[in-house]
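Chain residues, written in single-letter form:
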Amino acid sequence: MLKIGLTGGIGSGKTTVAKVFKQLGIPVYASDDRAKALMTEDVALRSALCSQFGDKAFVDGILNRAYIASKVFYNKKALEQLNALVHPAVEADFLAWYDIQISPYIIKEAAILIESGGHKRLDQIILVQAPEEIRISRVLKRDGGEQSHVLARMKEQWSDTQKEAHAQHIISNDGKSSVLEQVLKLHDFFKSQ
Ligand code: ATP
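Model, not experiment: these values are computed from the prediction.

Definitions and limits used
Residues numbered from 1 in each chain as written. Predicted model: local features only at pLDDT ≥ 70, side-chain atom pairs only at ≥ 80, totals over all residues. Heavy atoms only, no water. Near = heavy atom within 4 Å. Polar contact = N/O pair within 3.5 Å; in protein donor to acceptor, adjacent residues only side chain to side chain. Areas by Shrake-Rupley, 256 points an atom, 1.4 Å probe, with all protein chains shown as cover. Helix = DSSP H or I, 4+ residues; strand = E, 2+ residues; numbered from the N terminus. Nonpolar A, V, L, I, M, F, W, Y, C, P; charged D, E, K, R; others polar. Phe/Tyr/Trp six-rings, centres within 6.5 Å; stacked < 30°, edge-to-face > 60°. Buried < 20%, exposed > 50% of the residue type's maximum accessible area, 1.4 Å probe, protein only. Lys NZ or Arg CZ within 6 Å of the ring centre and 35° of its normal. Pairing = 2+ DSSP bridges. Axes fitted to C-alpha atoms, helices over the stretch in contact; angles between N-to-C directions. Contact = heavy atoms within 4.5 Å. Expected span 1.5 Å × (residues − 1). Arc of directions from axis to C-beta. Salt bridge = Lys/Arg side-chain N within 4 Å of Asp/Glu carboxyl O.

Taken together, the neighbourhood of the ligand is formed by Gly-9, Ile-10, Gly-11, Ser-12, Gly-13, Lys-14, Thr-15, Thr-16, Arg-138, Arg-142 and Asn-173. One nitrogen or oxygen atom from the side chain of Thr-16 is found 2.6 Å from an oxygen atom belonging to the ligand. Asn-173 is positioned such that a nitrogen or oxygen atom in its side chain is 2.7 Å from a nitrogen atom of the ligand. Contact with the protein chains hides 69% of the accessible area of the ligand, taken as 630 Å² for the molecule alone. Those elements that place two or more of their residues in the shell around the ligand are helix H1 (14-23) and helix H6 (132-143). Per-element accounting of the shell around the ligand gives the leading share, three residues, to H1. Of the residues belonging to the shell around the ligand, the class tally is one nonpolar, seven polar and three charged.

As structure tokens, this is what we get:
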């Protein structure tokens, strides 16, 4: 069963594309959602987070997202430490999930996939792309907040040009090309592998 990675910069439309694969009956592992869940559910991960970030990491047993975000937002080293704890837990969770799927292929959606080297453990990679100004306006429309925060998050991620070198497939989500047509083509291709 092929493992297909689905990635793209903030606001590129990964989740939107993932939804189309889901509608075609393809199992989708949403790494970022699972990471959030595991930070609360996984006892070993919780305890590692407490050791790393202190008791404020949890308030009444609930993950203190704002506190952790404030610790890692402009601190590259702290972000790397957080990822070093969370990524192995997500990988183990993904493999357990993968083992029980029945499908010609599965999709693993992740915002940070190529940057972390996670793409090397997958068979093929789809990169979702959209022009930066469109991505910024979509994120602001979706989340509100400040443009400077979106730009700061973009800066933490690799550029599309850097990512292209590791992707076998590109989906253009620029609002002009049909995402459905592009997904259907890839769906046929993966099923024929
Ligand atoms: P993030 O990395 O921030 O999680 P993402 O890559 O998963 O983002 P989405 O959440 O799929 O991106 O898309 C960002 C926003 O843009 C969403 O509100 C989504 O509904 C909207 N969007 C995505 N694609 C399109 C499109 N082709 N036309 C209009 N809006 C779109």
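Here the narrative resumes.
All chains considered together, the criterion is met by seven aromatic pairs. Both rings, one in Phe-94 and one in Tyr-98, keep their centres 6.2 Å apart while their planes meet at 40 degrees; by these two values the pair is tilted. Here Tyr-98 and Phe-94 lie together in helix H5 (residues 76-99), a separation of four residues that amounts to about one turn. The exposure class of Tyr-98 is buried, given its relative accessible area of 15%. Following the ring pairs from residue to residue traces out a cluster consisting of Phe-21, Tyr-105, Phe-189 and Phe-190. Taking the ring centre of Phe-58 as reference, the NZ or CZ of Arg-46 above it sits at 4.4 Å. Above the face of the Phe-94 ring, Lys-108 is positioned so that its terminal group lies 4.5 Å from the ring centre.

Attention shifts here to the sheet that holds strand E5 (residues 105-109). Remark on secondary structure: sheet strands pair via backbone hydrogen bonds, oriented parallel or antiparallel. Spatially, E2-E5-E1-E6-E7 is the arrangement adopted by the five strands of the open sheet, whose pairing is parallel. Edge strands, defined here as strands with exactly one partner in the open sheet, are strand E2 (28-30) and strand E7 (169-172). Here the strands of the sheet are splayed against their neighbours by 25 degrees on average, with no regard to which way each runs. The pairing of E2 with E5 spans three bridges and is parallel. Its bridge partner being in E5, Val-28 is matched across the sheet by Ile-107. Sitting on the sheet, helix H2 (residues 31-41) touches E2 and E5, and the angle it makes with E2 is about 50 degrees. On top of the sheet, H5 reaches strand E1 (2-8), E2 and E5; it is set at about 160 degrees to E5, its chief contact.

Let us now look at H6. In a regular helix each residue adds 1.5 Å, so twelve residues correspond to 16 Å; H6 covers 16 Å between its end C-alpha atoms and thus fits that length. Of all the positions in H6, only Arg-135, Ile-136 and Val-139 are classed as buried. Buried residues of H6, seen end-on, are gathered within an arc of 100 degrees and therefore sit on one face of the element. In H6, the exposed positions that point more than 90 degrees away from the buried face belong to Glu-133 and Lys-141. Check the buried side of H6 and you find it contacts helix H7 (147-156) and helix H8 (160-164). Positioned one or two residues after H6, Gly-144 has a phi angle of 70 degrees, which is positive.

Once that is clear, we can look at the pattern of salt bridges. Once the charged atoms of two side chains with opposite charge are near each other, the side chains can pair. Enumeration according to the criterion identifies six salt bridges in this entry. Residue Glu-41 is joined to Arg-34 by a salt bridge in which the shortest nitrogen-to-oxygen separation is 3.9 Å. Overall, the relative accessible area of 51% leaves Glu-41 in the exposed class. A salt bridge links Glu-91 to Arg-121; its shortest N-O distance comes to 3.2 Å. In this pair, Glu-91 is assigned in helix H5 and Arg-121 in the loop between E5 and strand E6 (124-129), connecting sequence segments 30 residues apart.

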